[in-house]
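Report on the structure
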Amino acid sequence: MVTQDKIKRPTIYTESDQILKDLSNELEELKSRMNLIEDEQEENKLLLEQLSFQGELSNDLISYQKEELDVNNDNYNAIANVMHNLKSPVSDVVDNLSEIITEIDDEDTRDTLKECMKTASFVLDSFNSVEEFCLDAGNQEMINQEPVDIREFFREKVSSIKMQDQAEQHLLRLLIDKNVPEKSALYLTTINKALNGLVDEVRNSQTSSNITILISCEKSEDKYGIELSDLKIKIENSQPLKIQWEDTWSSFLKKNDVNLINSGTSVLQVRNAIREIGGKLDVVSSGKNLQGFIIVLPLTF
C-alpha cells in the first residue's frame with residue numbers, strides 16, 4: 001500500500017500578520033521602557049528618601065538646639081538670681097569685718113579676723129564667678145555654621161593660641177589626619193571658645209606643657225547611603241596633669257575646683273557650648289589623672 005507524504009503548504013503573510021508583528025515589537029519596546037521608568041522611579045524614590053533624611057537630621061538638630069537653649073536659659077537665669085541674692089549678705093560680712101579690723105588693737109584677733117575676711121572674700125568671688133557663668137550660659141542664642149577650609153582654619157587658630165602665650169615652657173603643635181575633608185560647615189564660634197578654654201585649662205594645671213591638638217574625622221553611621229561623620233578634636237598633653245578624673249562631671253569639678261580656672265566654671269562653660277550644638281566633651285585620662293580633652297562635633301549637617 002502506497003502512502004502519500006503530506007505536502008507542506010507555504011505560509012502566506014497577510015497585511016494583518018505584519019501589523020500584529022509590528023504591534024508585538026512595539027509592545028516589547030514598551031515593556032523595556034516601562035522597566036527603565038520603574039528603575040528610574042526607584043532611584044528617584046531613594047534620592048527623595050535621602051533628601052528627606054537629611055532634612056530630618058537638620059530639623060532634629062535645630063529642635064534639639066532650641067530645646068536645649070530654652071531649658072538652659074531658664075535654669076541658668078534662676079541660678080544666677082540665687083547667686084546674686086546670696087552675694088549681698090557675704091558682701092556685708094566682708095565690709096563689716098574690714099571696719100572691725102581697723103578698730104581692734106589686739107594683733108592675734110586682727111589676724112584671725114583677716115583670715116575670716118579672706119575666706120568670705122573667696123566665697124564672694126566664687127559667687128561672682130558662678131553668677132557670671134550662669135548669666136553667660138543663660139543668654140545663649142542659636143548658633144549658625146559657617147563654611148570654612150578646615151585645615152587653614154585650625155592652622156590659623158593654633159598659631160593664634162601660640163601667640164597668646166609665647167613662654168618656652170608651653171609648647172603646642174597641630175596634627176591633622178588625612179581623612180579630614182578639605183571644606184565643611186563648622187560652628188566656628190564654639191570651636192574657638194572650646195580650644196581657647198581647654199588649652200588654657202591644660203596650661204593652667206602645669207608649670208610646663210607639651211600639647212598636641214589632633215584633628216580627625218570618624219564615621220559614626222551610614223543611613224540611606226549618607227555617611228554620617230563626626231569631627232574629633234583631641235587636645236592631649238605629653239604628661240598627665242595635676243587634675244584627677246572622677247566618674248561624673250559634677251564629681252570631677254568638686255574634686256578639682258582649686259586646680260581648675262574659676263573653680264571649674266570655665267570648663268563647664270565650654271562643655272555647655274559644645275552640647276548646645278549637638279556635640280560632646282570627653283576626657284583623655286592616664287590612670288586617675290587627666291591628660292587632655294576630646295571634642296566630638298557633628299560634621300554631616
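Please refer to the structure higher up on the page.
Each residue is numbered by its place in its chain's sequence as written, counting from 1. Reporting of local features is limited, given that this is a predicted model, to residues whose pLDDT is at least 70; pairs of side-chain atoms are given and counted only at 80 or more, and all residues count toward the totals for whole chains, interfaces and linings. Computation of side-chain values: all heavy atoms of the structure, hydrogens and water removed.

**Brief notes about the overall build of the protein**
In terms of regular secondary structure, the protein is built from 6 helices and 7 strands. What you see in the protein, going N to C, is helices and strands ordered as α-α-β-α-β-β-α-β-β-α-α-β-β. Out of the 301 residues belonging to the protein, those deemed buried represent 33%. Within the protein, contacts between residues at least 6 apart in sequence are counted, and of these 73% link residues at least 24 apart. For the area figures, the Shrake-Rupley method with a 1.4 Å probe applies, and any residue is considered shielded solely by the protein chains shown. On the protein, roughly 19,300 Å² of surface is accessible, and the fraction owed to carbon and sulfur atoms is 49%. Numbering of helices and strands starts at the N terminus; helices are DSSP runs of H or I of at least 4 residues and strands are runs of E of at least 2. Residue burial is assigned from relative accessible area. The probe radius is 1.4 Å, only protein chains are included, and a residue is buried under 20% of its type maximum, exposed over 50%, and partly exposed in between. Should any heavy atoms of two residues lie within 4.5 Å, those residues are counted as being in contact.

**Examining the packing of helix α4 (residues 188–205) against helix α6 (residues 265–276)**
Inter-axis angles, ranging from 0 to 180 degrees, are taken between N-to-C directions of lines fitted to C-alpha atoms, where helices are fitted over the stretch in contact. Look at α4 against α6: their axes get within 9 Å of each other, and the N-to-C directions meet at 150 degrees. On the basis of the axis angle, α4 is roughly antiparallel to α6. Seen along the crossing, α4 lies across α6 with a hand that is left-handed. Of the residues in α6, those in contact with T190, K193, A194, G197, L198 and E201 of α4 are S266, V267, Q269, V270, A273 and I274. Residue composition of the contact of α4 with α6, grouped by class: 6 nonpolar, 4 polar and 2 charged. Throughout this description, any angle smaller than 35 degrees is read as roughly parallel, any larger than 145 degrees as roughly antiparallel, any in the 65 to 115 degree range as roughly perpendicular, and the remainder as oblique. Throughout, a crossing is termed right-handed when the near helix is turned clockwise from the far one, and left-handed when it is turned anticlockwise from it by less than a right angle. Each residue gets one of three labels, nonpolar for Ala, Val, Leu, Ile, Met, Phe, Trp, Tyr, Cys and Pro, charged for Asp, Glu, Lys and Arg, and polar for the others, Gly among them.

**Let's talk about the pattern of salt bridges**
The term salt bridge refers to a side-chain nitrogen of Lys or Arg lying within 4 Å of a carboxyl oxygen of Asp or Glu. Evaluation of the coordinates by the stated rule reveals 3 salt bridges. Measuring nitrogen to oxygen at the nearest pair gives 3.2 Å for the salt bridge that ties E218 to K232. Here the residue E218 occupies a position in strand β4 (residues 209–223), and K232 occupies one in strand β5 (residues 226–237), the gap between them amounting to 14 residues. Looking at E218, the relative accessible area reads 41%, which means it is partly exposed. Two residues, D282 and K280, come together in a salt bridge whose shortest N-O distance is 3.9 Å. Given the relative accessible area of 31%, D282 is considered partly exposed.

**Details of the environment of L172**
Mapping L172 onto the fold places it in strand β2 (residues 170–176). Here L172 falls in the buried class, since its relative accessible area comes to 8%. For the pair formed by L172 and S209, sequence separation is 37 residues and the distance between their alpha carbons is 8.1 Å.

**Brief notes about a negative patch on the surface**
Two distance rules govern patches: like charges are joined within 9 Å, and nonpolar side chains (Val, Leu, Ile, Met, Phe, Trp, Tyr) within 5 Å, applied only to residues with over 30% relative accessible area and no salt bridge. A positive count includes Lys and Arg, and a negative count includes Asp and Glu. His and the chain ends are not counted in either. All charge positions are set by atom: Lys at NZ, Arg at CZ, Asp at CG, Glu at CD. Taken together, the side chains of D105, D106, E107, D108, D111 and E115 define an acidic patch exposed on the protein surface. Note on placement: D106 falls in the loop between α1 (15–103) and α2 (107–137).

**Some remarks on the packing of helix α3 (residues 150–164) against α4**
When two helices pack together, their arrangement is given by the angle between their axes and by how far apart the axes lie. Viewed as axis vectors pointing N to C, α3 and α4 meet at an angle of 40 degrees, and their least axial separation amounts to 11 Å. If you check the angle between α3 and α4, you find them oblique. Where α3 crosses over α4, the handedness of that crossing is right-handed. In this structure, α3 contributes F153, F154, K157, I161, K162 and Q164 to the contact, and α4 contributes L188, I191, N192, L195, N196, V199 and R203. Here the residues of the contact of α3 with α4 are counted per class, giving 7 nonpolar, 3 polar and 3 charged.

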